[in-house]
Amino acid sequence: MASIGQIVNPTSGSDALSRARQRAALVPDCLVEAKRIANTVIAGWHGRRKRGIGENFWQFRPYAEGESLSRIDWRRSARDDHTYVREREWEAAHTIWLWCDMSPSMMYKSSYGSVSKESRALVIMLALAEILARSGERIGCPGIMEPASARNAAERLASALMHTPLTGGLPETAMIRGWSDLVLIGDFLDDAPAIMERLGPLARRGLRGHVVEISDPAEEIFPYSGRTEFTDPEGGAKLISGRAEHIREAYRNAYLARRDSLGQSLRHLGWTFASHRTDHLASEALVAVHMYLSGMPAKATHGGQL
C-alpha cells in the first residue's frame, strides 16, 4: 500500500535546528501566498469601521435637540429643511495578537492535503497580519513580536518567525492585556480539558479569542487499511495495527468528539471556533476569522467546517 502521509524528517543536526531551518525556508513562500490571498479575497476591513474620534468623514446624521451647535454641518444642512451633524470615523488602533502552532505534528501532510498543516497555518496568520495592517491595527505575536502598527507588519512578523527558536504548545500570554483579540491557529490535538485549562483564564481577563483548528484530511477520514504503523510526531511512540480499517469508526468518533467538545467549551467562554482542512482553500478560513473580528457571524461550509 502506498504511503498516505508523511512528516518531513530533519536532514542534519539537532531536530530543533533542522526544523528551524526548514521553517525559515518555508516562511518567504508563505508570505507571498498570504499577500496573494489578502489582495484577492478581502478589499479592506470594512466590518471593523465605526464612528468615533478621528479625522476621516464617517456619515451625516440628523441633529438631535440638546447637542452642541458647533457639531452642525451648515453646508449640508442648507441643502434641505433638515439640520445635520457630521460624524467622523473611529481611528483608535486595536491590538490583535496572532499565533500559530509550530509543534512537530503541524508538519504532517498526507496525499489528500495540498500543503502541510504548518504551511497553511503560516499563510492564514500572515494574511491576517497583512489585512489588519492595512486598517492600522496593532499586530503582535506572543513571545515573538511586540504589538506594532505598521504597514509592513506581515513582513516584520515573517522575519521574526524566521529568527525565533521553535516552541511547542500554546503560547505564553502574560504580556497580553485585556480588551485585545487573540487569534490561535493550530491542530489542537491535546485533550479539550487540557486546552481549556490554559484558555479559560484568558477569557476571564477580558480577551476576545478566535481559535482556528487546522487538520489534514487523512486525520479526519482515516483512510488507512491493513497492517499500519502510526508514529507520534511529538514523542516518537509507535502503534502497529494489524487491521487499521477495524478501528476507523472508533477513531473518527473520538476525533470528532474532541473537536465538538473543544468548540462547545470555547463558545461557552464567548470565543469563536472554526475548523479548516488543508484540502480546502485558505481563503475560507481567512474570511471566517475576518467575519469574527468584524463582529459579524461567519457562514459555515462543508458541514459546519471551513
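Here the structure is shown first, and the text comes after it.
Report follows, based on the coordinates. (Residues numbered from 1 in each chain as written. Predicted model: local features only at pLDDT ≥ 70, side-chain atom pairs only at ≥ 80, totals over all residues. Heavy atoms only, no water.)

**Observations regarding the overall build of the chain**
The helix and strand inventory of the chain stands at eight helices and twelve strands. Sorting the 306 residues of the chain into buried and exposed places 46% on the buried side. Of the contacts formed within the chain by residues at least 6 apart in sequence, a portion of 73% connects residues at least 24 apart. Accessible surface, the chain as shown: approximately 16,000 Å² in total, 52% of it carbon and sulfur. (Helix = DSSP H or I, 4+ residues; strand = E, 2+ residues; numbered from the N terminus. Buried < 20%, exposed > 50% of the residue type's maximum accessible area, 1.4 Å probe, protein only. Contact = heavy atoms within 4.5 Å. Areas by Shrake-Rupley, 256 points an atom, 1.4 Å probe, with all protein chains shown as cover.)

**Topic: the pairing of strand S9 (residues 208-215)**
Judged by how many residues are buried, S9 sits mostly within the fold: seven of eight residues are covered. As judged from the six bridges shared by strand S8 (residues 181-186) and S9, these two strands associate in the parallel manner. Residue Leu184 lies in a different strand from S9, and its bridge partner there is Val211. One crossover worth recording links S8 to the parallel S9 by way of helix H5 (residues 192-204), and it is right-handed. Pairing of S9 with strand S12 (residues 272-277), which is carried by six bridges, proceeds in the parallel orientation. (Pairing = 2+ DSSP bridges. Right-handed = clockwise from strand over helix to strand, strands pointing away.)

**Focus: the nonpolar core**
Ranked by size, the top nonpolar core spans 40 residues in total, and within it Leu98 and Ile185 carry the most contacts. The set of elements that each furnish at least two residues to this core consists of helix H1 (15-41), strand S4 (95-100), helix H3 (117-134), strand S6 (138-141), helix H4 (153-162), S8, S9 and helix H8 (282-293). Here the element with the most residues in this core is H3; it accounts for twelve residues. With near-sequence residues (within four places) excluded, Leu98 lies in contact with Met125, Leu128, Ala129, Leu132, Ile139, Gly140, Cys141, Pro142 and Val183. Leu182, Leu202, Ala203 and Phe273 belong to the second-largest nonpolar core, a separate cluster that totals 19 residues. (Core = buried A, V, L, I, M, F, W, Y, C linked by side-chain atoms within 4.5 Å.)

**Section: the pairing of strand S10 (residues 228-231)**
For a regular strand, the rule is simple: side chains alternate between the two faces of the sheet. Here S10 pairs with strand S11 (residues 238-241) via four bridges, running antiparallel. Bridging across to S11, Thr231 finds its partner in Lys238. Between S10 and S11, which pair antiparallel one after the other, the connecting turn spans six residues, and Gly236 there sits at a positive phi close to 85 degrees.

**Topic: the packing of aromatic side chains**
Following the criterion strictly, the structure yields five aromatic pairs and no others. With centroids separated by 5.7 Å and ring planes inclined at 25 degrees, the aromatic side chains of Phe222 and Phe230 adopt a geometry described as stacked. For Phe222, a relative accessible area of 4% gives the class buried. A centroid spacing of 5.2 Å and a plane angle of 85 degrees characterise the contact between Tyr224 and Phe230, whose relative ring orientation is edge-to-face. A connected cluster of aromatic rings, assembled from ring pairs, spans Phe222, Tyr224, Phe230, Tyr251 and Tyr255. For Arg76, the ring lying beneath its charged end belongs to Tyr84, and the centroid distance is 4.2 Å. It is Arg258 that lies over the ring of Tyr255; its NZ or CZ is 4.7 Å from the centre. (Phe/Tyr/Trp six-rings, centres within 6.5 Å; stacked < 30°, edge-to-face > 60°. Lys NZ or Arg CZ within 6 Å of the ring centre and 35° of its normal.)

**Quick word on the sheet that holds S12**
Note: strands within a sheet are paired through backbone hydrogen bonds, in either parallel or antiparallel orientation. Strand order across the open sheet formed by six strands is S7-S6-S4-S8-S9-S12, with mixed pairing between neighbours. The open sheet terminates on both sides in strands that have one partner only, identified here as strand S7 (145-148) and S12. Sheet twist, expressed as the mean angle between neighbouring strand axes with direction ignored, is 15 degrees. Each of S4, S6, S8, S9 and S12 touches H3; the most contacted strand, S4, lies at about 165 degrees to it. (Axes fitted to C-alpha atoms, helices over the stretch in contact; angles between N-to-C directions.)

**A look at a negative patch on the surface**
A contiguous patch of negative charge, built from Asp190, Asp191, Asp232 and Glu234, is present on the exposed surface. Along the polypeptide, Asp191 turns up in the loop between S8 and H5. (Patch = residues over 30% accessible without salt bridge, like charges linked within 9 Å, V, L, I, M, F, W, Y side chains within 5 Å. Salt bridge = Lys/Arg side-chain N within 4 Å of Asp/Glu carboxyl O. Lys, Arg positive; Asp, Glu negative; His and termini not counted. Charge placed at Lys NZ, Arg CZ, Asp CG, Glu CD.)

**Thoughts on unusual backbone geometry**
Positive phi outside glycine occurs at Phe188, with the angle close to 50 degrees. Looking at the secondary structure, you find Phe188 in the loop between S8 and H5. On the basis of relative accessible area, Phe188 is assigned to the buried category, the value being 6%. The backbone of Phe222 sits at a positive phi, close to 50 degrees, despite the residue not being glycine.

**Some details on H5**
Counted at 1.5 Å a residue, the expected span for H5 with its 13 residues is 18 Å, and the 18 Å between its end C-alpha atoms agrees. Considering bend angle alone, the principal kink of H5 is centred on Arg198 and spans about 35 degrees; proline Pro201 follows within four residues of it. Buried within H5 we find Ala192, Ile195, Met196, Leu199, Gly200, Leu202 and Ala203. Contacts made by the buried residues of H5 are with S8, S9 and helix H7 (248-268). Two residues or fewer past H5, Gly206 is found with a positive phi of approximately 100 degrees. (Expected span 1.5 Å × (residues − 1). Bend = angle between axes of the 7 residues up to and from the residue.)

**A short note on the side chain of Asp73**
The residue Asp73 is located in the loop between strand S2 (57-62) and helix H2 (74-77) in this model. With near-sequence residues (within four places) excluded, Asp73 lies in contact with Phe60, Tyr84, Val85 and Arg86.

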